[in-house]
Amino acid sequence: MINENMLSELSGAAAVKFTAAVCTLGCRVNQYESDCIISEFINLGFEIKDFNSDSGDLCDVYVMNTCTVTAGSDKKSKQMIRRAKKLNPNAIIAVCGCFSQKNPEVLKYDLQADIVCGTSEKTKIPQIALDILKNNSHETNIYVKDISKYRNYENVNAYQSEKTRAYIKIQDGCDANCSYCIIPQVRGCVKSREYQDIYNEVKRFNDMNCHEVVLTGIEISSYGKDFKNKNISLVNFLEKLDSEPELNNITSIRLSSIEPSLLKKDFIDRLAELNKITNHFHLSLQSGSTRILNLMRRKYNAETVIQNIEYAKEKIKDLILTADIIVGFPNETDEDFEKTVNIIKLLNIYHTHIFTYSKRPGTDAADFDNQIREDIKNARSKRLSEICGKIKEDIHKNCIDRAFDVIIEDFDGGFYTAKTRNFIDVKIKVKDNVNLHGTVQKIKITDFDKDFIYGELNEQPVC
């Protein structure tokens, strides 16, 4: 979603001289930060190419924005770096993100990247790359800083988004000490973004006719806890943003992953009164067993989660839940796993991101006794996936003959794709060859399968 006036303002009249592509791995925070990197490339006159394009175009610069949340994430990050080097051996290879924050020497000596940044100062990459191109020098440059010394939010901005919905980062870092998680070591402490900076960015996307923003961060539930004004919290912030009169094009404000411990009665009561907050929560749930949650050092127990969500469903109409689950955590018994199965069923969770536990060196859980065998972990993951698939299909069935307002996204295989306000996957068949991308349309659901609900357009668009 690049506004032509904004693009002109950023790049001026200068002719495009160099090309760049950005590969994003991991979470929505990385997606937002990649949007910021791309914006800076455009500002310097680069032409942006698709990293996954089959056209065969070679780029002068490839940026890999990496993830390290699991062992699989590390492997994927290395694969993408090698792929970029294979695409164009003469290109500048820049690597940033969580994997590079933890492993700068690996990137310098083993993978021979030209530019290595960590989780801070990513937007300096375009200027560094431009200097290298102008000087024709490929000497490795490492800019990984001690993340523990960053106590304030690094205010970068995105002037474009590759998606119909725009990601807006509102905080960084995490003060939790979960036994399995490496992220606080690579992202540092909680750092909240000032309200005015967030509003300015949301307003910019509003003026680009964007209809939905996704508020993201490493732990958005902790928003405001680092401010001197202790009266600032996530719900205070949401109430203020929801009421802004000039955000007239923004119809939906979506929250990214939130802690179940946040969903207390007062929070739900206040959230239910807001007009733009979507009726969808993505829960950082991890397990349905209180014993395992304690071993993970999470801030809630299963019983409280159930109580909070049952109340939330009473107060928020058509609330849909998605969740993260870790399967095969050390000491997880069959009984513990069954408790996770039961909570997924009880809460009727629409979609589950299932992570098979893998050891992360430097975390306490990596040294726990009673590590679970791989075959057991895989069997549990498969069973949970099948159960979640059935729940999703049942939810789809219950949508038949209902009407929804949706933001039209991509066109694929004769269908437009979209998501309902409460995050149900939709496909829409259209008769005319008309471009509906980015518009809000009212649809009526006529069919379903295990992956999608299918709808028909109303004759009149919403906006």
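This section reports on the structure supplied with the text. Just so you know, the residues in each chain are numbered from 1, in the order the chain's sequence is written. For a predicted model such as this one, the threshold for reporting local features is a pLDDT of at least 70, and the threshold for listing and counting side-chain atom pairs is 80 or more; totals across whole chains, interfaces and linings nevertheless cover every residue. Only hydrogens and water are set aside; all other atoms, that is, all heavy atoms of the structure, feed into the side-chain values.

### Remarks on the pattern of salt bridges
When the charged atoms of two side chains with opposite charge come close together, those side chains can pair. Operational definition: Salt bridge, as used here: a side-chain nitrogen of Lys or Arg that lies within 4 Å of a carboxyl oxygen of Asp or Glu. Only DSSP runs of H or I covering at least 4 residues are called helices, and only runs of E covering at least 2 are called strands; the numbering of each starts at the N terminus. Remark: exposure states derive from per-residue accessible area (1.4 Å probe, protein chains only) relative to the maximum for the residue type, with buried under 20%, exposed over 50%, and partly exposed in between.
All told, the structure shown has 35 salt bridges when counted by the stated rule. The salt bridge involving Glu-212 is made with Arg-254; its shortest N-O contact spans 2.9 Å. With Glu-212 in strand S10 (residues 212-216) and Arg-254 in strand S11 (residues 252-255), the pair connects residues that are 42 residues apart, well separated along the chain. By relative accessible area, which is 0% here, Arg-254 ends up buried.

### Some details on the packing of helix H12 (residues 302-315) against helix H13 (residues 334-347)
Worth spelling out the cut-off: Helix axes are fitted only over the stretch in contact, all axes being lines through C-alpha atoms; the angle between N-to-C directions runs from 0 to 180 degrees. Any angle that is under 35 degrees is reported as roughly parallel, and any over 145 degrees as roughly antiparallel; angles of 65 to 115 degrees are reported as roughly perpendicular and all others as oblique. Should any heavy atoms of two residues lie within 4.5 Å, those residues are considered in contact. Residue polarity follows a fixed list, in which Ala, Val, Leu, Ile, Met, Phe, Trp, Tyr, Cys and Pro are nonpolar, Asp, Glu, Lys and Arg are charged, and the others, Gly among them, are polar.
Running from N to C, H12 and H13 cross one another at 10°; their axes reach a closest spacing of 11 Å. Classified by the angle between their axes, H12 and H13 sit roughly parallel to one another. Along the contact surface, H12 presents Ala-302, Val-305, Ile-306, Ile-309, Glu-310 and Lys-313, while H13 presents Ile-343, Leu-346 and Leu-347. Classifying every residue of the contact of H12 with H13 by side-chain character gives seven nonpolar, no polar and two charged.

### Some points on the sheet that holds strand S3 (residues 61-66)
Selection rule: DSSP calls a pair of strands paired once it identifies at least 2 bridges connecting them.
Within the open sheet, the six strands sit side by side as S2-S1-S3-S4-S5-S6. Their pairing is parallel. Strands at the two margins of the open sheet, each flanked by one partner only, are strand S2 (47-49) and strand S6 (141-143). Pairs of neighbouring strands in the sheet enclose a mean axial angle of 20°, with direction left out of account. Across three bridges, the pairing between strand S5 (residues 115-117) and S6 is parallel. Each residue of the ladder has a partner; that of Val-116, found in S6, is Ile-142. Taken strand by strand, helix H3 (residues 71-87) contacts strand S1 (19-24), S3 and strand S4 (92-97), and its axis lies near 175° from that of S3.

### Observations concerning the environment of Gly-455
For Gly-455, the position within the fold is in strand S19 (residues 453-457). Classification of Gly-455 as buried rests on a relative accessible area of 5%. Along the chain, Gly-455 and Ile-445 lie ten residues apart, while their C-alpha atoms are 4.1 Å from each other. When neighbours within four sequence positions are excluded, Gly-455 is seen to be in contact with Lys-427, Ile-428, Lys-429, Lys-444, Ile-445 and Thr-446.

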